[in-house]
Structure formats: structure tokens, C-alpha cells
Amino acid sequence: MKKFKFADNTECLAEDFIDGHLVNPIFNNGLFPESPFILRMEHQFSVHNLVNGCLRCLGVFNSLNEALNYAKNGHSWCSETYA
């Protein structure tokens, strides 16, 4: 795990930080980033993000590249509104 410090002085431990997305982060005090992050599972990668204040899994992928591509270019997570 590495420590990443951001412009707003918040810090986070994570396996990596690729193209603005944390991989396997550990969050302090329940604070989550505004950008999607990726969790590495046994043989898959899942993309998560806060949507209307709720943590949501946006998709599960077979490779880190697929997960990063979705995190960067995902279509619905950036504009979806949930009732």
C-alpha cells in the first residue's frame, strides 16, 4: 500500500493511483473520492462511485484496463439520477 495525498490535503492508502482513479483504496472516516475507484477482487475488478450519496458498484470487469476504461469513460454514472 502507498499513501496518496491530494490537492485538498486529504490522504488515502491504496494499491495504486492510475489516471486519477484509486485501486484498492482504504478510506478513513468513511470519506470517498468524487471520482470512481476500483477494487481488485480475486480474478476481477469492480468500479465503484458515490451516486446521490450512496456507494454503488457500477460494473465488474475481467481486467484492470477494462475497469479503468469504464471508470474514465463510463456512460451512466456521471449523469444518472436515482429516485
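Because the structure is a prediction, the values reported are computed rather than measured.

Rules behind the numbers
Residues numbered from 1 in each chain as written. Predicted model: local features only at pLDDT ≥ 70, side-chain atom pairs only at ≥ 80, totals over all residues. Heavy atoms only, no water. Helix = DSSP H or I, 4+ residues; strand = E, 2+ residues; numbered from the N terminus. Contact = heavy atoms within 4.5 Å. Areas by Shrake-Rupley, 256 points an atom, 1.4 Å probe, with all protein chains shown as cover. Phe/Tyr/Trp six-rings, centres within 6.5 Å; stacked < 30°, edge-to-face > 60°. Buried < 20%, exposed > 50% of the residue type's maximum accessible area, 1.4 Å probe, protein only. Polar contact = N/O pair within 3.5 Å; in protein donor to acceptor, adjacent residues only side chain to side chain. 1 Å grid on protein atoms, 1.4 Å probe; cavity = no way out; pocket = protein on both sides within 12 Å on 5 of 7 lines; lining within 4 Å. Points joined across faces, edges and corners; volume = space filled by probe spheres on them. Nonpolar A, V, L, I, M, F, W, Y, C, P; charged D, E, K, R; others polar. Pairing = 2+ DSSP bridges.

K.L.:
Explain the overall build of the chain to me, please; I cannot follow it from the model alone.
P.N.:
Broken down by element type, the chain carries 1 helix and 7 strands. Beginning at the N terminus, the succession of helices and strands in the chain can be written as β-β-β-β-β-β-β-α. Across the chain, contacts joining residues at least 24 apart in sequence account for 17% of those joining residues at least 6 apart. Carbon together with sulfur atoms contributes 50% to the accessible area of the chain, which is approximately 5,500 Å² in total.

K.L.:
Teacher, can you tell me more about the packing of aromatic side chains here?
P.N.:
What characterises a pair of aromatic rings is the spacing of the ring centres plus the angle enclosed by the ring planes. Evaluated as defined, the whole model comprises 4 aromatic pairs. Aromatic side chains F4 and F17 sit 5.7 Å apart centroid to centroid with 40° between the ring planes, which places their arrangement in the tilted category. Placement of the pair is F4 in strand β1 (residues 2-5) and F17 in strand β3 (residues 16-18), with a sequence separation of 13 residues. Here F17 falls in the partly exposed class, since its relative accessible area comes to 33%. The structure contains a cluster of three or more aromatic residues connected by ring pairs, namely F4, F6 and F17.

K.L.:
Explain the environment of E42 to me, please; I cannot follow it from the model alone.
P.N.:
Within the secondary structure layout, E42 lies in the loop between β5 (37-40) and β6 (45-51). Looking at E42, its side chain comes within polar contact range of the side chain of H43, at 3.3 Å.

K.L.:
Could you clarify how one ought to interpret unusual backbone geometry in this entry?
P.N.:
Most peptide bonds adopt trans geometry, and most residues besides glycine take a negative phi value. Even without being glycine, D19 reaches a positive phi, approximately 50°. You can see D19 is positioned in the loop between β3 and β4 (21-23). Even without being a glycine, N52 presents a positive backbone phi close to 50°. Tracing the sequence through the fold places N52 in the loop between β6 and β7 (54-61).

K.L.:
Even after reading the chapter, I still don't get the layout of surface pockets, so can you show me in this structure?
P.N.:
With a probe scaled to a water molecule rolled over the atoms, the places where space remains empty come into view. The calculated volume of the largest pocket comes to roughly 360 Å³. What lines the largest pocket is a set of 17 residues, among which F6, D8, T10, F32 and P33 lie closest to the centre. Classifying every residue of the lining of the largest pocket gives 9 nonpolar, 5 polar and 3 charged.

K.L.:
Got a minute to help me understand the pairing of β5 in this structure?
P.N.:
Looking down a regular strand, the side chains alternate between one sheet face and the other. When β5 meets β6, the two strands line up antiparallel, connected through 4 bridges. Paired with R40 across the two strands is F45, which belongs to β6. If you look at the hairpin formed by β5 and β6, you'll find 4 residues sitting between the two strands.

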